[in-house]
Amino acid sequence: MHTRNDWYVACTDADVTADHPFSSTVLGERLAIWRAADKVVAFEDRCVHRAAALSLGRCEGQNLRCMYHGLLFDAAGKVVDIPGQDVIPPNAQVRAYPVAVHYDWIWVWMGDPALADPAKLPTLFDGVDLDDYGVVNGELTFEANAQLISDNLLDFSHLPFVHAASFQAPLDWAKSPMTIKQLDNGVRFERWVENHTGFHFIESLSIGVNDTWMGYDYLVPGVLVMFVGCFPAGTARACDYGRPDFSKAIAQVSTNLQAITPVTEKRSHYYVFTGLHRAASGGGSDPAIVARNLEVTLQAFNEDKTMIEAQQQIIDGQPDRPFMPTVHDRGVTLYTRLKARLIAAETASHADAPLENAN
Ligand code: FES
Ligand SMILES: [Fe+2]
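None of the values given here were measured: they were computed from a predicted structure. (Residues numbered from 1 in each chain as written. Chains lettered and ligands numbered in written order. Predicted model: local features only at pLDDT ≥ 70, side-chain atom pairs only at ≥ 80, totals over all residues. Heavy atoms only, no water.)

What to know about the coordination of the iron ion (ligand 2)
This is how the line gets drawn: Each metal site lists N, O and S donors within 2.8 Å (3.2 Å for Na, K and Ca). With water left out of the atoms, a site can look as if it is missing ligands. The cut-offs for exposure are 20% and 50% of the maximum accessible area for each residue type, with area from a 1.4 Å probe on protein chains only; residues under the lower value are buried, those over the upper are exposed, and the others partly exposed.
Protein coordination of the iron ion (ligand 2) is provided by His158 (NE2), His163 (NE2), Asp304 (OD) and Asp304 (OD), with donor distances spanning 2.1 to 2.3 Å. In the primary sequence, the donor residues of the iron ion (ligand 2) line up as H-x4-H-x140-D. Taken individually, His158 and His163 each receive the classification buried, so the pair is uniform in this respect.

Given below as structure tokens:
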């Protein structure tokens with residue numbers, strides 16, 4: 001189960017060309033995403049005539065034409081032309097979903113269009129300006145339920161084990177405690193690792209002993225916002241183990257956004273962009289280091305993919321066997337409960353609403 005009154009990433013801005021719609025599936029619903037002259041539009045991928053895929057259609061300025069028998073739709077989803085027929089039935093309309101173009105991704109609001117709220121689009125942390133970062137985009141498909149990916153991102157104690165080859169996280173990352181805080185729309189994780197030597201997966205950025213801060217929010221419906229940076233030794237204590245002034249970071253400064261889109265119950269799409277700060281010891285102005293950052297990130301996410309897809313198969317084989325939580329599952333538990341509350345609230349408000357087509 002997933003919330004519906006939220007933004008989900010359906011594709012990247014680059015996926016949607018000027019001429020042809022892009023086919024994407026979110027929460028099991030096929031979408032045809034296309035570029036009208038002045039905006040991006042998301043339709044249900046089903047022509048009102050005989051259920052042809054509108055994602056196989058053709059963009060014609062402000063309109064989209066179904067390329068089966070030629071019905072023409074305006075950007076609101078209304079049929080405006082039926083070749084060879086003068087009368088257009090008044091209910092000749094497909095569903096159009098609210099769309100936002102945000103951080104070069106196309107976000108689609110899957111719930112009540114009247115509630116679509118741009119303020120619910122996730123943003124990077126205050127004080128992080130993406131223009132200061134060398135950014136790269138990546139994406140993967142996991143043959144697994146999105147909740148298993150959320151569970152993975154809500155418990156970073158897997159880093160030294162799953163990501164020994166990629167991120168080369170030392171074991172103390174599993175041992176050093178994270179501060180975990182419930183947010184209205186997710187869970188916040190923050191951690192200082194004192195007397196650390198940074199991550200070594202980009203050797204040229206390695207520095208001496210420092211205090212490393214990592215913080216991330218994991219937000220409903222499945223978006224991770226993160227900042228990591230190395231600070232001069234003693235910073236953790238000096239700021240009483242609270243959130244540092246990001247501008248004082250000295251090396252390996254990175255930020256990223258990750259979005260998990262449930263495609264079906266057994267398939268998820270994983271969008272990520274990751275940026276390294278352009279300062280010398282951040283590496284973000286060196287194209288080779290920026291490319292290496294994406295390479296290592298995708299290597300790491302493929303490590304997760306191997307683990308999670310096998311986990312999904314094992315669960316499918318014995319779906320009723322329970323898990324055995326550990327101390328590291330606190331974030332998972334908080335998030336799972338929050339999501340259940342939000343889904344219940346959506347269901348309740350839906351039940352209050354007058355039934356459509358009640359006659
Ligand atoms: S199915 Fe679209 S025009 Fe016939
Ligand atoms: Fe991971």
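Details of the side chain of Thr12
Threshold: Comment: elements are numbered from the N terminus, with helices defined as DSSP H or I runs of at least four residues and strands as E runs of at least two. What makes two residues a contact is simply this: any of their non-hydrogen atoms within 4.5 Å.
Residue position: Thr12 is located in strand β1 (residues 7-12). Its relative accessible area of 12% is what places Thr12 among the buried residues. If near-sequence neighbours (up to four positions away) are discounted, Thr12 is found in contact with Asp104, Trp105, Ile106, Glu139 and Tyr271.

Things to note about the sheet that holds strand β7 (residues 72-73)
Within a sheet, neighbouring strands are paired by backbone hydrogen bonds and run either parallel or antiparallel to one another. Counted only if it meets this: Strand pairing follows a simple DSSP-based rule, namely that at least 2 bridges must link the two strands.
Strand order across the open sheet formed by four strands is β5-β6-β7-β8, with antiparallel pairing between neighbours. Strands at the two margins of the open sheet, each flanked by one partner only, are β5 (58-60) and β8 (79-81). When strand β6 (residues 63-65) meets β7, the two strands line up antiparallel, connected through two bridges. Residue pairing in the sheet places Leu64 in a bridge with Phe73 of β7.

A short note on the sheet that holds strand β16 (residues 223-232)
Keep this limit in mind: Here an angle of 0 to 180 degrees is reported between the N-to-C directions of two axes, which are lines fitted to C-alpha atoms, with helices fitted over the stretch in contact.
The antiparallel open sheet is built from seven strands, whose spatial order is β12-β18-β17-β16-β15-β14-β13. Taken across any chain shown, the strands that pair with only one partner, and hence form the sheet edges, are β12 (133-142) and β13 (179-183). Pairwise comparison of adjacent strand axes, ignoring direction, gives a mean angle of 15 degrees for this sheet. Summarising the sheet, strand β17 (residues 251-264) and strand β18 (residues 267-277) pair through 10 bridges and their orientation is antiparallel. Counted as the bridge partner of Ile260 is Tyr270 from β18. Seen against the sheet, helix α1 (residues 146-153) touches β12, β15 (210-219), β16, β17 and β18 and runs at an angle of roughly 160 degrees to β17. Those strands touched by helix α5 (residues 287-317) are β12, β17 and β18, and its axis lies near 25 degrees from that of β12.

What about the pattern of salt bridges?
Heads up, the rule is: Definition used for salt bridges: Asp or Glu carboxyl oxygen within 4 Å of a side-chain nitrogen of Lys or Arg.
What the rule picks out here adds up to 15 salt bridges. We note a salt bridge from Arg35 to Asp13, for which the minimum N-O separation is 3.0 Å. With Arg35 in strand β3 (residues 29-35) and Asp13 in the loop between β1 and β2 (22-26), this pair connects stretches of sequence that are 22 residues apart. With its nearest N and O atoms 2.9 Å apart, the salt bridge here joins Lys305 to Glu309. Of the two residues, Lys305 and Glu309 are both situated in helix α5; the distance of four residues between them amounts to about one turn of the helix. Among the residues examined, Glu309 registers a relative accessible area of 16% and is labelled buried. Three or more residues are tied together by salt bridges with common partners; here these are Arg58, Glu60, Arg65 and Asp81.

Looking at the environment of Tyr270
Spelled out, the test is: Residues adjacent in sequence count toward polar contacts only when both atoms are side-chain atoms; beyond that, a polar contact is any pair of N or O atoms within 3.5 Å, and within protein one must be able to donate a hydrogen and the other to accept it.
Examined against the element boundaries, Tyr270 turns out to sit in strand β18. Classification of Tyr270 by relative accessible area gives buried; the value is 1%. Expressed as a C-alpha distance, the spacing of Tyr270 and Ala251, which sit 19 residues apart in the sequence, is 27 Å. Aside from chain neighbours lying at most four places away, what touches Tyr270 is Gly138, Glu139, Leu140, Phe142, Ile149, Leu153, Gln258, Ala259, Ile260 and Phe301. A polar side-chain atom of Tyr270 sits 2.5 Å from a polar atom in the side chain of Gln258.

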